[in-house]
Amino acid sequence: MVLRSFLNVLSAMIKRTIAANKSANNRRLVDSLGQNSDIVGSVVKRHSKSNITIGQDCLIEGRLVTEISQSRILISDNVFIGGDTVIGCAKEIAIESDVLISYGCMITDSDNHSIRYSFRRNDLSDWKRGTHDWGAVHSESVLISKGAWIGARAMVLKGVTIGEGAVVGAGSVVTKDVPAWTIVAGNPAQIIRTIPDTQR
């Protein structure tokens, strides 16, 4: 019984140390981190000159990934990004204040691969060598506006603007702009209804 208690305490201490080291490493990779913000997910900067900025009072449980020197992830204040969510950035992804992004979402500003097989057949080997040609794939900035809510397992694709206060239903695939104060759902996401003033 004493041994079991000791092992439980030791295990908890090791877990806390690993979490603290991970958090410290994440903080080093972020260019600017606001007060009271915490990163318990992961940060992957594939180019050291890329930029990740996080405002105040945020909780980042997902994964932030920048691909090239020009990549910019800009997160404003009071933003939640749920576990298993991936923000994959080759150009720019901006998330305004008071946004909730649920668990298991994918937000990307690039196709990552060319539609042409002759262009993409060497993508894996290029990635392994760190020589993937991001100029050969289409990228367009993504904007998630103030107060938006992205439901679990939703995907937001390149070039999309999610309007202020908009809601994206769970499992949706967003391929075009979402107007402010609307609810969208489906694949591809379609407007379900407008949110009236009394519910804003």
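Colleague: Is there a simple way to think about the overall build of the chain in this case?
Modeller: Helices and strands together make up the secondary structure of the chain, namely 3 helices and 20 strands. Taking all 200 residues of the chain together, the buried fraction comes to 38%. Intrachain contacts of the chain at a sequence separation of at least 6 include 19% that bridge at least 24 residues. Approximately 11,100 Å² of the chain is accessible, and the part contributed by carbon and sulfur atoms is 53%.

Colleague: Could you clarify how one ought to interpret the sheet that holds strand β10 (residues 92–95) in this entry?
Modeller: Through backbone hydrogen bonds, the strands of a sheet pair up, either in parallel or in antiparallel fashion. One open sheet holds the 6 strands; their spatial order is β1-β4-β7-β10-β13-β16, and the pairing between them is parallel. This sheet does not close on itself; its edge strands, each paired only once, are β1 (32–33) and β16 (161–162).

Colleague: Whenever I open this one, the pattern of salt bridges confuses me. Can you help?
Modeller: Per the stated rule, a full pass over the model turns up 6 salt bridges. For Arg-46, the salt bridge goes to Glu-67, with nearest N and O atoms at 2.8 Å. A residue pair is termed long-range when its members are at least 10 positions apart, and Arg-46 in the loop between β3 (42–45) and β4 (51–54) and Glu-67 in the loop between β6 (63–66) and β7 (72–75) qualify at 21 residues. Relative accessible area serves as the criterion here: at 47%, Arg-46 is assigned to the partly exposed category.

Colleague: Even after reading the chapter, I still don't get the sheet that holds strand β19 (residues 182–185), so can you show me in this structure?
Modeller: What the 8 strands build is an open sheet, ordered β2-β5-β8-β11-β14-β17-β19-β20; its pairing is mixed. A single partner strand is all that each edge strand has here, and the edge strands are β2 (38–39) and β20 (190–194). With 2 bridges joining them, β2 and strand β5 (residues 59–60) adopt parallel strand pairing. In the sheet register, Ile-39 faces β5, and the bridge partner there is Ile-60.

Colleague: For this particular structure, what's the right way to read the side chain of Thr-108?
Modeller: If you trace the backbone, Thr-108 turns up in strand β12 (residues 106–108). Among the polar contacts listed, one links the side chain of Thr-108 to the backbone oxygen of Ser-110, at a separation of 3.2 Å. When residues no more than four places from it in sequence are discounted, the contact partners of Thr-108 are Gly-88, Ile-93, Val-142, Val-156, Leu-157 and Lys-158.

Colleague: Explain the nonpolar core here, please?
Modeller: One recurring pattern in soluble globular proteins is that nonpolar side chains are buried together. Leu-64, Ile-75, Ile-95, Ile-144 and Ile-162 are the most contacted members of the largest nonpolar core, which totals 34 residues. Where this core is concerned, the elements lending two or more residues are β4, β7, β9 (86–89), β10 and β13 (142–144). Not counting chain neighbours up to four residues away, the residues in contact with Ile-95 comprise Leu-74, Ile-75, Ser-76, Val-79, Ile-81, Ile-87, Ile-101 and Ile-144.

Colleague: Teacher, can you tell me more about the packing of aromatic side chains here?
Modeller: On inspection of all chains with the given rule, the structure shows 2 aromatic pairs. When the centroid spacing of 6.0 Å and the interplanar angle of 70 degrees are considered together, the rings of Phe-80 and Tyr-103 count as edge-to-face. Of this pair, Phe-80 sits in strand β8 (residues 80–81) while Tyr-103 sits in the loop between β11 (100–101) and β12, placing them 23 residues apart in sequence. A centroid spacing of 6.4 Å and a plane angle of 55 degrees characterise the contact between Trp-127 and Trp-134, whose relative ring orientation is tilted. Residue Trp-127 is classed as partly exposed on the basis of its relative accessible area of 34%. A cation sits over an aromatic face here: Arg-116 above Phe-119, 4.2 Å from the ring centre.

The rules behind these values
- Residues numbered from 1 in each chain as written.
- Predicted model: local features only at pLDDT ≥ 70, side-chain atom pairs only at ≥ 80, totals over all residues.
- Heavy atoms only, no water.
- Helix = DSSP H or I, 4+ residues; strand = E, 2+ residues; numbered from the N terminus.
- Buried < 20%, exposed > 50% of the residue type's maximum accessible area, 1.4 Å probe, protein only.
- Contact = heavy atoms within 4.5 Å.
- Areas by Shrake-Rupley, 256 points an atom, 1.4 Å probe, with all protein chains shown as cover.
- Pairing = 2+ DSSP bridges.
- Salt bridge = Lys/Arg side-chain N within 4 Å of Asp/Glu carboxyl O.
- Polar contact = N/O pair within 3.5 Å; in protein donor to acceptor, adjacent residues only side chain to side chain.
- Core = buried A, V, L, I, M, F, W, Y, C linked by side-chain atoms within 4.5 Å.
- Phe/Tyr/Trp six-rings, centres within 6.5 Å; stacked < 30°, edge-to-face > 60°.
- Lys NZ or Arg CZ within 6 Å of the ring centre and 35° of its normal.

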